[in-house]
Amino acid sequence: MPKRPCLDEKSIAPAALSAIESFHADAVRDVQESVRRNRVVVVGMAQNPHVRRVRRALDERGVTYTYLEYGSYLSKWRERLAIKLWSGWPTFPQVFVNGTLLGGEDLTKAALADGSLTSSLGPARAEASA
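Residues numbered from 1 in each chain as written. Predicted model: local features only at pLDDT ≥ 70, side-chain atom pairs only at ≥ 80, totals over all residues. Heavy atoms only, no water.

Participant: Before we go on, may I ask you to explain the packing of aromatic side chains in this structure?
Facilitator: Where two aromatic rings form a pair, the distance of their centres and the angle of their planes describe that pair. Taken as a whole and judged by the stated rule, the model has one aromatic pair. For the ring pair Trp86 and Phe96, a centre distance of 5.8 Å and an interplane angle of 35 degrees mean the geometry is tilted. Pair noted here: Trp86 is in helix α4 (residues 77-87) and Phe96 is in strand β3 (residues 94-97), with a separation of 10 residues, a long-range link. In this structure Trp86 comes out as partly exposed when scored by relative accessible area, which is 30%. Geometry around Tyr67 places Arg55 over its ring, the cationic atom sitting 3.7 Å from the centre. (Phe/Tyr/Trp six-rings, centres within 6.5 Å; stacked < 30°, edge-to-face > 60°. Helix = DSSP H or I, 4+ residues; strand = E, 2+ residues; numbered from the N terminus. Buried < 20%, exposed > 50% of the residue type's maximum accessible area, 1.4 Å probe, protein only. Lys NZ or Arg CZ within 6 Å of the ring centre and 35° of its normal.)

Participant: Got a minute to help me understand the pattern of salt bridges in this structure?
Facilitator: Side chains bearing opposite charge may pair, as long as their charged atoms lie close to each other. For the structure shown, the criterion picks out four salt bridges. Across the salt bridge formed by Arg36 and Glu33, the nearest N and O atoms sit 2.5 Å from each other. With a gap of three residues between them, Arg36 and Glu33 both fall in helix α2 (residues 25-37), about one helical turn apart. Glu33 sits in the partly exposed class, given a relative accessible area of 29%. Two residues, Arg37 and Glu33, come together in a salt bridge whose shortest N-O distance is 3.6 Å. With a gap of four residues between them, Arg37 and Glu33 both fall in helix α2, about one helical turn apart. Residue class for Arg37 comes out exposed when judged on its relative accessible area of 54%. (Salt bridge = Lys/Arg side-chain N within 4 Å of Asp/Glu carboxyl O.)

So, in structure tokens, the structure goes:
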């Protein structure tokens, strides 16, 4: 699998690296912990139609998930930026299945349509805490 381009840590000044690592680290830790504990996690934001549609699609298929919401278009944008920098995914929602970033709305809907999302969950699905 090709590796996405990232600036090599050796090319980042120590003070800048420290700032990057601590940039809203609490939000990133919350997402990491939720992804570790739950089989399906949707990270989103209020008022975003893509987030609403992916949640509706999961609900319609009976897929239980944990939902983490970080602000709206006018709030918590720094926390969302930190999550985007951590995951490498540029938009919301960010859907994680079994600890792996599945993607956003289009890729999640495609995985629901082809059955790969639900088959990867097996008979026991994650507990909902939406």
